[in-house]
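Reading the structure
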Amino acid sequence: MLYAIVGEDVPNSLPGRMAVREAHLERLKVLQGEGRLVLAGPMPAIDSPDPGPAGFSGSLIVAEFESLEAAQAWVADDPYTRAGVYAAATIKPFKKVLP
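Overview of the structure. (Residues numbered from 1 in each chain as written. Predicted model: local features only at pLDDT ≥ 70, side-chain atom pairs only at ≥ 80, totals over all residues. Heavy atoms only, no water.)

**Points about the layout of surface pockets**
Formally: Cavities and pockets were defined on a 1 Å grid built from protein atoms only: a cavity is a group of points that admits a 1.4 Å probe but offers it no way out, a pocket is an open group of points flanked by protein on both sides within 12 Å along at least five of seven lines, and a lining residue is one with an atom within 4 Å of any such point. Grid points are joined across faces, edges and corners, and a volume is the space filled by probe spheres set on the points. Starting at the N terminus, helices and strands are each numbered in turn, a helix being any DSSP run of H or I of at least four residues and a strand any DSSP run of E of at least two. Under the convention adopted here, Pro, Cys and the residues Ala, Val, Leu, Ile, Met, Phe, Trp and Tyr are nonpolar, Asp, Glu, Lys and Arg are charged, and Gly plus all remaining residues are polar.
For the largest pocket, the calculated volume is near 220 Å³. As for the largest pocket, its lining consists of 15 residues, of which R17, R21, L25, P42 and Y80 are closest to the centre. For the lining of the largest pocket, the element with the highest residue contribution is helix α1 (residues 14-33), accounting for six residues. Considered class by class, the residues forming the lining of the largest pocket number 10 nonpolar, three polar and two charged.

**Observations regarding unusual backbone geometry**
The cut-off we apply is this: Using a 1.4 Å probe on the protein chains alone, a residue whose accessible area is under 20% of its type maximum counts as buried, one over 50% counts as exposed, and one in between counts as partly exposed.
Put simply, L98 and P99 share a cis peptide bond, and its omega is -15 degrees. Residue placement: P99 occurs in the segment after β4 (86-94). Phi is positive for N12, which is not a glycine, with a value near 55 degrees. Summarising the element assignment, N12 is placed in the loop between β1 (2-9) and α1. Judged by its relative accessible area of 76%, N12 falls in the exposed class.

**So, the sheet that holds β1**
The condition is simple: For two strands to pair, DSSP has to find at least two bridges joining them. Axis lines are fitted through C-alpha atoms, for helices just across the contact stretch, and the angle between N-to-C directions can take any value from 0 to 180 degrees. The contact definition used throughout considers only heavy atoms, calling two residues in contact when any of these lie within 4.5 Å.
Spatial ordering of the open sheet is given by β2-β3-β1-β4, a layout of four strands whose pairing is antiparallel. Looking along the sheet, the strands with just one partner apiece sit at the ends: β2 (37-44) and β4. The average angle at which neighbouring strand axes cross in this sheet is 10 degrees, direction not considered. Sitting on the sheet, α1 touches β1, β2, β3 (56-64) and β4, and the angle it makes with β3 is about 10 degrees. Its contacts with the sheet put helix α2 (residues 68-76) on β1, β3 and β4, and the angle it makes with β4 is roughly 155 degrees.

**Regarding the nonpolar core**
Cut-off, in case you're wondering: To qualify as a nonpolar core, a set must consist of buried Ala, Val, Leu, Ile, Met, Phe, Trp, Tyr and Cys residues joined through side-chain atoms within 4.5 Å.
Counting residues in each nonpolar core, the largest one holds 11 residues, listed as Y3, I5, L28, L31, I61, A63, F65, A71, W74, V75 and I91. Those elements that provide at least two residues to this core are β1, α1, β3 and α2. If one sorts the elements of this core by residue count, α2 sits on top with three residues. In contact with L31, not counting residues within four places along its chain, are R36, L37, A63, F65 and W74.

**Side note on the pairing of β1**
Among the eight residues that make up β1, six are buried, leaving the element largely enclosed by the rest of the structure. Across eight bridges, β1 lies against β4 in antiparallel orientation. In the sheet register, L2 faces β4, and the bridge partner there is F94.

What follows is the structure, encoded as structure tokens:
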């Protein structure tokens, strides 16, 4: 089943994000290689595709997992979670309709 994961960043998360970004991306690439990743990306903290030092307010990931518990375990082990970039993460079942 698909799950939507919304990670909410702590204030001033940019340095922490940058420190573990490559490890975070590697985990996403594994999902992509397995054909389980629908989309993933950060949410700019300001209305700009390149927020610069304003950084990001969180992330959105939509991916396939065996269960809600598996999605929760994946998020718990993510570098952004372990490094304290995310203040919280919401994980909900997701049904893709379009496109």
